[in-house]
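# Coordinate inspection notes
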Amino acid sequence: PVSESVADVVTERVGVRWLPAYGASELPVIACNPVDDPAAWRLDSAGLPPREVELRVVDLDTGAALAPGGVGEIQARSPSLMAGYLPDEATAEAFDDGWYRTGDVGWLEPEGWVHLTDRSKEMIKVNAFQVAPAEIEAVLHGHPSVLDCAVFGLADERAGEVPVAAVQIDPARPVDADELRRLVADSLATYKHLRHVVVVDSIPRLPSGKVLRRTLRDELSPSLTGMPAS
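Residues numbered from 1 in each chain as written. Predicted model: local features only at pLDDT ≥ 70, side-chain atom pairs only at ≥ 80, totals over all residues. Heavy atoms only, no water.

### A look at the pairing of strand 11 (residues 160–169)
Taken residue by residue, a regular strand's side chains alternate between the two faces of the sheet. Burial runs high along strand 11: seven of the 10 residues are buried. Summarising the sheet, strand 10 (residues 146–156) and strand 11 pair through 10 bridges and their orientation is antiparallel. Each bridged residue has a counterpart across the sheet, and for A150 the counterpart in strand 11 is A166. Where strand 10 folds back on strand 11, the antiparallel hairpin that results is connected by three residues. Taken together, the four bridges between strand 11 and strand 12 (residues 196–199) define a ladder with parallel strand orientation. Following the sheet pairing, A166 is matched in strand 12 by V198. (Buried < 20%, exposed > 50% of the residue type's maximum accessible area, 1.4 Å probe, protein only. Helix = DSSP H or I, 4+ residues; strand = E, 2+ residues; numbered from the N terminus. Pairing = 2+ DSSP bridges.)

### Looking at a positive patch on the surface
There is a patch of like positive charges on the surface, built from K121, K210, R214 and R217. Judged by its relative accessible area of 57%, R214 falls in the exposed class. (Patch = residues over 30% accessible without salt bridge, like charges linked within 9 Å, V, L, I, M, F, W, Y side chains within 5 Å. Areas by Shrake-Rupley, 256 points an atom, 1.4 Å probe, with all protein chains shown as cover. Salt bridge = Lys/Arg side-chain N within 4 Å of Asp/Glu carboxyl O. Lys, Arg positive; Asp, Glu negative; His and termini not counted. Charge placed at Lys NZ, Arg CZ, Asp CG, Glu CD.)

### Some thoughts on the packing of helix 3 (residues 133–141) against helix 4 (residues 177–187)
Where helix 3 contacts helix 4, the axes come no closer than 10 Å and their chain directions differ by 120°. The pairing of helix 3 with helix 4 is recorded here as oblique in orientation. In this structure, the crossing between helix 3 and helix 4 has a hand that is right-handed. Note on element contacts: helix 4 touches helix 3 through L180, L183, V184 and S187, opposite I136, V139 and L140. Among the residues forming the contact of helix 3 with helix 4, the class breakdown is six nonpolar, one polar and no charged. (Axes fitted to C-alpha atoms, helices over the stretch in contact; angles between N-to-C directions. Parallel < 35°, antiparallel > 145°, perpendicular 65-115°, else oblique. Left-handed = near helix turned anticlockwise from the far one by under 90°. Contact = heavy atoms within 4.5 Å. Nonpolar A, V, L, I, M, F, W, Y, C, P; charged D, E, K, R; others polar.)

### What about the packing of aromatic side chains?
Counting across every chain of the model gives two aromatic pairs. Seen in terms of ring centroids, F129 and Y191 are 4.3 Å apart; in terms of plane orientation they differ by 15°. Their pairing is stacked. Separated by 62 residues along the polypeptide, F129 in strand 9 (residues 129–131) and Y191 in the loop between helix 4 and strand 12 bring together distant segments of the chain. Residue F129 is classed as partly exposed on the basis of its relative accessible area of 44%. Residue Y191 is classed as partly exposed on the basis of its relative accessible area, which comes to 26%. (Phe/Tyr/Trp six-rings, centres within 6.5 Å; stacked < 30°, edge-to-face > 60°.)

### Remarks on a nonpolar patch on the surface
A cluster of nonpolar side chains, namely V6, V10, V14, V16 and W18, defines an oily patch on the protein surface of about 390 Å² accessible area. When you line up the elements, V16 lands in the loop between helix 1 (4–14) and strand 1 (21–22).

### Overview of the pairing of strand 6 (residues 99–108)
Within strand 6, eight of the 10 residues are buried, which leaves it mostly tucked inside the rest of the structure. Looking at chain direction, strand 4 (residues 72–77) and strand 6 are connected through four bridges and run antiparallel. Following the sheet pairing, G72 is matched in strand 6 by G106. Across two bridges, the pairing between strand 5 (residues 95–96) and strand 6 is antiparallel. Counted as the bridge partner of D96 is W99 from strand 6. Where strand 5 hands over to strand 6, the hairpin turn is made up of two residues, of which D97 adopts a positive phi near 55°. As paired strands, strand 6 and strand 7 (residues 114–119) are joined by five bridges and run antiparallel to one another. Looking across to strand 7, one finds that G106 is bridged to L116. From the end of strand 6 to the start of strand 7, which pair antiparallel, there are five residues, and G112 there has a positive phi angle of about 105°.

### Quick look at unusual backbone geometry
Most of the time, phi is negative for any residue but glycine, and the peptide bond is trans. Between L86 and the following residue, P87, the backbone shows a cis peptide bond with an omega angle of 0°. Residue A128 is not a glycine yet carries a positive backbone phi of 75°. Relative to the helices and strands, A128 resides in the loop between strand 8 (124–126) and strand 9. Take A128: its relative accessible area is 60%, and that puts it in the exposed class.

Set out below in structure tokens:
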């Protein structure tokens, strides 16, 4: 998802509006905002599934199909879906009774609008609650001192995992970790509160812009384990 603040800055600079969409190599167009109706474009949703694309959301733990509004893995079914992977052994894990397992977490509105929250492999499980790193990152990005950020899970003996944020701070607008932790605490449920905020020089990303959360976790976790909240 693109935050409204980022989208507004880009549109102001280049004069082009955003047309959110969602796709994958396995199924090129999973959802898209109505191309022929700019008045209906939404930043908070990847759009609607095109004709002959069916979507459903299933529980991350049980695999049971969820009603609209339920958060889980998005799965798709369509004639335009890939036939499978090579080697063939990899195909079985990608499907659930004919439904393609996208590995993406999100939810559907009753009218079919798609909302993406994160990747299933990057979800943080706090006391059995599923926490999407992107939700916490969106709150942090709203602070004027935060240039970039990434949230990942840190192993915890009592909670299973706890959220940790790595943040890149604007040198011209310094802010301390406590203020950023309070920002998240004031905005989100208790189990989504940050255990640690770590200031870093930059957030590692792929050329596509995808955050390398595993890299951050591997680099920072050893120094954070057992430390009091900071």
